[in-house]
Structure formats: structure tokens, C-alpha cells
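Structure assessment
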Amino acid sequence: MHEHDHKEETLASSTESKKDSCCSSTACHTPVAKPIVILKKIESPAHTDCCSHEHSGTTESKSDPVEVPADAHSVRYRIDNMDCPTEERLIRNKLEAMSGIKKLDFNLLDRELTVYHQLDDDLVIAKALKAIDMAPQLLDAGVSSVPVMPALDTKKKILLAVSGIAALAAEILAWLTGQDTSWYILLIACVSIFSIGLPILKKGWIALSNFTMNIYFLMSIAVAGAMVIGKWPEAAMVVFLFAVAEAIEALSLERARHAIKSLTALAPETAEVKQGEIWQELPVVQVTLGSLIRVRTGARVPLDAQVSFGRAALNQAPITGESLPVDKQSGDPLYAGSIVTDGIVEAIVTATVGESTLARIATAIQNAQSQRAPTQRFVDQFAHYYTPAVVILAAAVAILGPLLMGGTWSSWLYEALVLLVIACPCALVISTPITVVSGLAAAARHGILIKGGAYLEGGRLLKAVALDKTGTLTQGKPVLTDAFTVSDMAIDQALLIAASLDENSTHPVAKALVMGWKDRQPTAKTLPVDDFAVLHGRGVKGSVAGQNWHLGNHYLVEELGVCSPELESRLFALENAGKTVIVLCSGTHPVAIFAVADTIRAESIQAIAALKALGVHSVMLTGDNMATAQSIAGEIGIEDARGNLLPEDKQTAVAELKTQYGAVGMVGDGVNDAPALARADIGIAMGAAGTATALETADVAIMDDDPRKIADFISLSHRTGRILKQNITLALGIKVVFLVLALSGHATLWMAVFADMGASLLVVFNGLRLLNTHADQIVNRTY
């Protein structure tokens, strides 16, 4: 696959409609300038109430950004005790109540918190975090994340093993003896509880003292209540099973963390740099712009650069998701993290270590996973009301049970404790973050950078997709497609004369003609041209070997008075096929006809077919005239093609499509198409590896030029949506079953914890399935 070409929307025939049958094309050598509007969307997760969580997702909406005051300061902390959304909620409750706190950004995978504030002294923030046992560690601005400690170190493993053995022993002894309060059973149970349960009980006390009803609060109440009524073995089993569930969830988050890190920690830490006359290994942080680096076979490219010497094949899969190596030669870009599979190149550094494409991808992924998805917002709101309601229900069971139904206070208190444990929303809360992060990682692995969970979920809602033509469905680079004579002159000689006239032109049509000549006559040289002149809006003229020649468009043919019905018929046929026509004329008659066209990408037909299979309506938007638009649309299977559009016209077209179909996606290059991308529900930029603008403006960035990945993104969104629904159904369904068992008196405390742990594990492992998504699982094809 070739690299992304910055498209030139204004090919010769593409800026005006046909005026009449003999003057239907525009000037082939004078491009018509179009206004370029570049919009940069700046979005942040919306501010939520103190009982909501943010983990992996995205902005609340395109129209609802969080605004941080211009005079606000920011401070970043590493929080090693922040393992899941439960701790996040506790931090929110503590900090958001403080005057001067404007916004909190959480990155649970890296255990980082960024606080935007208007405080005179930010030490009060650290003090507040220490008060809830979060152990904040201040991170300097610009410093990369500190490595995260393992979720389960050796000490935790030993304590977990001791707790498990002791809890099991206490249960067996209680069952054999029929007693729960014998001194030796109590002693063994205490070993189990206090070996692994002290951190849990401490977190429960902190939650209670900060008026936060979280999982630690519920579990602490359950354990304390069980000990009060003499159920020591069950209290020990509750602590152990909950600790196991915590450990497994932490390991699952660690796996998701590693999946994200593996996508971005690809560039080597050193580079081979030319220093004077010698090559020397230097840390990449010391390599400056313009430095000359060398990359050998088997090595990774350390920094973004442009090849200055040599040829090589590179594996760009870590950046673009392309499965096949890409050939590179002088002038081609290299991306940090890509691997040289064959050859050796010297290249000039074009971006420092923090500004490389890989670094921008890392930043985008981090921003994406630190925000909230729509399902996450729903779950947060549900848990906000659900947990207090369950606590009230449990209290009612404990108090009203013996008064209304009879029985002992201890037995009804036990049933209330079982209710508390069963009703814990842990599985529900953890299910969405794991699934969304796994989906983001799976997409990035295939060269699709999704800016957050809202877009990952929103892809399945798209009913129509508007696609820009040039550079998206076509190569974005015109090539010579036709060359034939209308006189006695040999076509090779006519092409040589035309190439000589166009050799010094920078217009894409002229360059395509010259390249076409070079491909046909690689060893030939152009002829000298005298009296050269540009005929604005029509073409060029000059003298070759003493004979005057004109090379230009339909207007020029008409002006010279050499247009005939036969010539008109040929030109009309080529133009209706979407091609730009150039005519070589002597002083009295036309000599040869050349046609240039932007060729269709080989993958475009498959891309449109895949969108149709997903029930998504495809629309092509282009600045080309309608004849060109309809011709290309017909070839690739698009029924709705709209031409003669400026960037602002594309924005209007997207608005019309939203009215007609509902949710609409827009696919473009992120530059000319920025207004339309911003107007769409989801803006998708193609070839984003080659442009920083696309990474900034788009909601979804396809790193290479493969339009089939548009359908891949939508298919992955459907799969993510199915898993999210499965997780919510599993989490609630299991709880309903055990709730019925509890109310009927058939559930025990350790069974309730086991059910909660089982539900948590099911939803976590179900969500992690997205990490194993392969290309042929997204769409039934192989790259």
C-alpha cells in the first residue's frame, strides 16, 4: 500500500459545471483555489455529579464540552491505591466538594489523576487525597507516566493463600463440629480475616466516614455484621472471596493496560545518528529536528523521519494496521515504531520524540480511555440510586423482619447482610470500562484510532456515511489513463511533445501527464521548448523544433477553432467517464488526445459493499463536476453522488443527511473536510498517520488509506454493543436469581460473595474477549 497523499481536490475538470457541449471542461492547467477551513475540536469529558464514575469512554457530546477557566492551574498525581471506579468515586466525593476544584480527569489504567483548580496552594489537594488513603505522588508536568506496580505482588499472593487456607479450614471445622464460635474456629477465622481483610475494612471505614456507599462499605458491613452474630467462618470466607475477586479484576485491568501500552511503547530508546563523519548511538530524547539517522534491517524506526538515501521495506502494522510491508525510498516518510524488514535507509528526523505519530497515538488513546462511554454514564446513574435503595431494603429486612414475620433478630440480620452482598453493583460497574478499553485497544491494533467510548459505541448507530471522493475512495493522485492520436503523428512522439510542454508545471494534471510519459519512455529525454507561455484557464503553448504547439483543455480547442463533431464526441465520452481531457494541437488541427483521472482504490468497491451489508447508506461528496462524480460512484457501487461541492457545501450536505437518515458519519482527510467532519455525528479521517491535523480533528482516525476499515469500525462497534448488553444482562440476571434465593432463605453469605465474584469475573472475561479480535472477526475478510 502506498502512503497517504495530500489530496488536491481541484483537478482540472473538477471546479465548474459544463457550460455547453463544446466547452464542457475547465482549465486543465489552472487550478481554482478553494477555501480551506481547519477546525480543531477541543473536547473533554463532561463534568459529572459526585456519584458518577469516569473510566473508559468519551466526551458527553460534541456540543457539550467541559470548559476549564483560562486562569485555572493543573496538577497531576500518581495514585497507586486507585484500582477501579470505586476509588474514583471516592476521590470525586472528596475533591469535588472543595471550593476551587474545576475539573477532574481520571486515567485508571495508568492510575493518574489530573486536577484543574483555582486554588492558591495545591497542597490542600494532596492533603485531601491522603485523608482518604490514596497516597498521591506528584508528577511533574510533561513527565511520562511512572511504571504501574504489578496488580498482585508476592506479598499479596502469600497473604491471599494464607487467608484462603484459613477460611476453608474454619468452614470445614464449623461444619464438622456444628459450632461457629469455638475458640479455635474463631482464631483461624481471625487469621483469614486480618491477613488479607484489613485493607478492605480500612477502605470501608474511609467510605463510611466520607458518606460514600461503595463496595468496600457494603462488604465491611457484611463482615462486621457476620462477626457480631457469631458467623465467623462465613465472615472469613466473605473476606477471602472478595479479595480473590479484587485480585482478578486488578489483573484484568492490568491486561487491558498492557494491551494499550504494547501499542505505544514500540519506538526504541536510542537512535543511530550521524555526528560529523561517524555514526553514533544517542538517546532519542537528545536527537533534534533535521538530524540524520540510519535504520538497518530488523531495527525499529526511532523517530518520525523522511528517507534521504536508500531503499527498504517496512512493517508499519503497529502504526497503520497494514499487514504487508511498505516499500520506502527517497522522499517517503518513516514512522517511529515501524520495523525495517529488508534494506537500510538514512533519513532526516521530522519530529522529536514527543511529537511523533506514535506519541500522538499514545496521547489520543490515553485521552480516549480516561473518559466515559454512554453505557458507563447509564450504569453510573443506575448505581447512584440502586446502592442506597439496597441499603435501605436491607435495613428494612433487619428491622421489620422479626417484628412482622417473627424469628430471631440475628437470623433476620443475617438475611439483611446476604442482601447487601448480593446487591453489590461491582460487576455492573466494572463491566463497561473493561469492555470499552478492550475495544479501543483492538481497534488501535488494526490501525483504527477511536477517540473514546462514545464513538466506539456510536458507530453501530450510524445509518449513513458520507465519503469524500479524492483520497478516500480514489488514490488522490491523477494518472495518465488514455493517450491516442487524431492525426498521422505517432502517439509516442505526440506524448513526448506534450511532456516537454508540461515538464516544468506543478499542476497535478500536468505532472500526471509527464509521469505517464516517463512510464512509457523511461530512457527518453524531453525536448527543449521555446517561447513558452501559460494560457490561464486554458493550458500552455510553446515552440518545439521550430513548430508552434498548444496543449490544453476544451476551452482552448474551441478558441483555436479546431473543434469538430468527431473530436467533440471523443472528448464528451472521456469527460462523461470522469476524466480530465488534454488536447495537443498544432497551428491548424488537433494532433493527440490525452486523458487524466484520479484512479479508484482497489479496496473501495469492497468497502462500499461491506457498508451496504451493514445496512449503512453510502453517499459520495466531491468538488468534482457531476459527470465525474456519477462515473466514479457508479464504478464503486454508490447510488447517491453529489458534486461541485466546496468544503462548506459538504458541511451542509452532512446536515441534510442527518435530517434524512439520523446518525451520520463523515469520512475525509481531516483538512479540507474539517467542517463536515465536525458537523457529522462521527468524523472519520483517512490516512491519519501522515497528518497531525487528522488526529486532532477526527473522532475516528484510520491510520492508513484502506476504506474497508470504515466498515471494520462499524462492525467492531456492533460487537462492542452486543458485549456491553450481555454484561449488563449477566450482572443483573445473576443478582436477581440470588436475590430470590436470599429472600426465600436459601442463600448464605459466602454464596452471595461467590455469586458477586462470579458475575464480576464473567463480565470481565467477556469484555476482554474484544482484545482477541482479529481482522477477519471484525468483517468476514482478511487484509
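Predicted model, so just to flag it, every value in this text is computed and none were measured.

**Considering the overall build of the chain**
- Of the regular secondary structure elements, the chain holds 26 helices and 24 strands.
- Counting over 783 residues, the chain shows a buried share of 57%.
- The contacts in the chain between residues at least 6 apart in sequence include a share of 72% that link residues at least 24 apart.
- As displayed, the chain has an accessible area near 31700 Å², and 59% of this comes from carbon and sulfur atoms.

**Description of the pairing of strand β13 (residues 464-468)**
- Counting buried residues along β13, 5 of its 5 residues qualify, which places the element largely inside the surrounding structure.
- Where burial is concerned, the two faces of β13 agree: the one with A464, A466 and D468 and the one with V465 and L467 are both buried.
- Bridge count between β13 and strand β20 (residues 617-621): 5 bridges; the pairing is parallel. If you follow V465 over to β20, its bridge partner there is S618.

**Considerations on helix α10 (residues 374-404)**
- For α10, built from 31 residues, the straight-helix expectation of 45 Å at 1.5 Å per residue is met to within 8% by its first-to-last C-alpha distance of 43 Å.
- Of all the bends found along α10, the most pronounced is centred on A398 and spans about 30 degrees, while P402, a proline, follows it within four residues.
- In the segment just after α10, G406 is the residue with positive phi, at about 85 degrees.

**Notes on the sheet that holds strand β2 (residues 101-107)**
- Pairing is antiparallel across the open sheet formed by 4 strands, whose spatial order is β2-β3-β1-β4. Bordering the open sheet on either side are β2 and β4 (136-139), each of which pairs with just one other strand. The mean inter-strand angle of the sheet, taken between neighbouring strand axes irrespective of direction, is 30 degrees.
- In the sheet, strand β1 (residues 73-79) pairs with β4 via 4 bridges, with the strands oriented antiparallel. Residue pairing across strands places R76 opposite L139, the latter belonging to β4.
- The strands touched by helix α1 (residues 85-95) are β2 and β3 (112-117); relative to β2, the strand with the most contacts, the crossing angle is about 170 degrees.
- Contacting β1, β2, β3 and β4, helix α2 (residues 123-131) runs over the sheet at an angle of about 30 degrees to β1.

**Some words on the environment of E558**
- Note that E558 resides in helix α17 (residues 554-560).
- What makes E558 partly exposed here is its relative accessible area of 37%.
- It is 10.0 Å that separates the C-alpha atoms of E558 and E568, two residues lying 10 residues apart in sequence.

**Let's talk about unusual backbone geometry**
- In the Ramachandran plot, D133 falls in the positive-phi region, its phi being about 60 degrees despite a non-glycine side chain.
- Residue position: D133 is located in the loop between α2 and β4.
- On the basis of relative accessibility, which here comes to 26%, the residue D133 falls in the partly exposed class.
- With a phi angle near 45 degrees, A135 is a residue other than glycine that sits in the positive phi range.
- Within the fold, A135 resides in the loop between α2 and β4.

**A closer look at a nonpolar patch on the surface**
- On the surface, I158, V162, W183, Y184, L187 and V191 cluster together into a nonpolar patch covering about 590 Å² of accessible area.
- Put simply, the parts of the chain that give the nonpolar patch at least two residues each are α3 (154-177) and α4 (183-196).
- It is α4 that contributes the most residues to the nonpolar patch, 4 residues altogether.
- Along the chain, V162 turns up in helix α3.
- Classification of V162 as partly exposed rests on a relative accessible area of 35%.

**A closer look at the layout of surface pockets**
- Approximately 950 Å³ is the volume found for the second largest pocket.
- As for the second largest pocket, its lining consists of 42 residues, of which D83, K156, P199, K203 and E246 are closest to the centre.
- Considering each element in turn, the lining of the second largest pocket owes the most residues, 8 residues, to helix α7 (residues 232-264).
- For the lining of the second largest pocket, the class distribution of residues is 25 nonpolar, 4 polar and 13 charged.

**Overview of the nonpolar core**
- Counting 79 residues, the largest nonpolar core has V418 and L749 as the members making the most contacts within it.
- Examining the composition of this core, we find that 14 residues originate from one element, α7, more than from any other.
- The residues contacting V418, other than those within four sequence positions of it, are A742, A747, T748, L749 and A752.
- With 35 residues, the next largest nonpolar core counts V436, A610, I632 and L770 among its residues.

**Examining the side chain of S618**
- Looking at the secondary structure, you find S618 in strand β20.
- Leaving out residues up to four positions away in the same chain, S618 has contacts with V465, L467, I608, L611, I638 and D640.

**A look at the pattern of salt bridges**
- Following the criterion strictly, the structure yields 18 salt bridges and no others.
- Among the salt bridges present, the one from R76 reaches E112, with a minimum N-O distance of 3.0 Å. Residue R76 is found in strand β1, and its partner E112 is found in strand β3; the two are separated by 36 residues along the sequence. The pair formed by R76 and E112 is uniform in burial state, with each residue classed as buried.

**Focus: the sheet that holds strand β18 (residues 580-585)**
- Strands sit in the order β14-β19-β18-β17-β16-β15 across an open sheet of 6 strands; the sheet is antiparallel. Bordering the open sheet on either side are β14 (474-485) and β15 (530-535), each of which pairs with just one other strand. Strand-to-strand twist in this sheet, taken as the mean axis angle between neighbours without regard to direction, amounts to 15 degrees.
- Note: β15 against strand β16 (residues 539-544), 4 bridges, orientation antiparallel. Each residue of the ladder has a partner; that of L535, found in β16, is G539.

**Here we look at the packing of aromatic side chains**
- Enumeration over the complete set of coordinates arrives at 2 aromatic pairs.
- Ring plane angle 90 degrees and centroid distance 5.8 Å describe the contact between W183 and Y184, whose orientation is recorded as edge-to-face.
- A residue is classified by how much of its surface remains accessible, and W183, at 65% relative accessible area, is exposed.
- A residue is classified by how much of its surface remains accessible, and Y184, at 31% relative accessible area, is partly exposed.

**Looking at the confidence of the model for the chain**
- On average, residues of the chain score 80 in pLDDT, and 84% of them are at 70 or above.
- A low-confidence stretch, residues 1-65 (pLDDT under 50), is modelled with 253 contacts involving residues beyond four sequence positions or located in other chains.
- Below pLDDT 50 for its whole length, residues 779-783 participates in 16 contacts with residues either more than four positions away or in separate chains.

Conventions and cut-offs
- Residues numbered from 1 in each chain as written.
- Predicted model: local features only at pLDDT ≥ 70, side-chain atom pairs only at ≥ 80, totals over all residues.
- Heavy atoms only, no water.
- Helix = DSSP H or I, 4+ residues; strand = E, 2+ residues; numbered from the N terminus.
- Buried < 20%, exposed > 50% of the residue type's maximum accessible area, 1.4 Å probe, protein only.
- Contact = heavy atoms within 4.5 Å.
- Areas by Shrake-Rupley, 256 points an atom, 1.4 Å probe, with all protein chains shown as cover.
- Pairing = 2+ DSSP bridges.
- Expected span 1.5 Å × (residues − 1).
- Bend = angle between axes of the 7 residues up to and from the residue.
- Axes fitted to C-alpha atoms, helices over the stretch in contact; angles between N-to-C directions.
- Patch = residues over 30% accessible without salt bridge, like charges linked within 9 Å, V, L, I, M, F, W, Y side chains within 5 Å.
- Salt bridge = Lys/Arg side-chain N within 4 Å of Asp/Glu carboxyl O.
- 1 Å grid on protein atoms, 1.4 Å probe; cavity = no way out; pocket = protein on both sides within 12 Å on 5 of 7 lines; lining within 4 Å.
- Points joined across faces, edges and corners; volume = space filled by probe spheres on them.
- Nonpolar A, V, L, I, M, F, W, Y, C, P; charged D, E, K, R; others polar.
- Core = buried A, V, L, I, M, F, W, Y, C linked by side-chain atoms within 4.5 Å.
- Phe/Tyr/Trp six-rings, centres within 6.5 Å; stacked < 30°, edge-to-face > 60°.
- pLDDT = per-residue confidence, 0-100.

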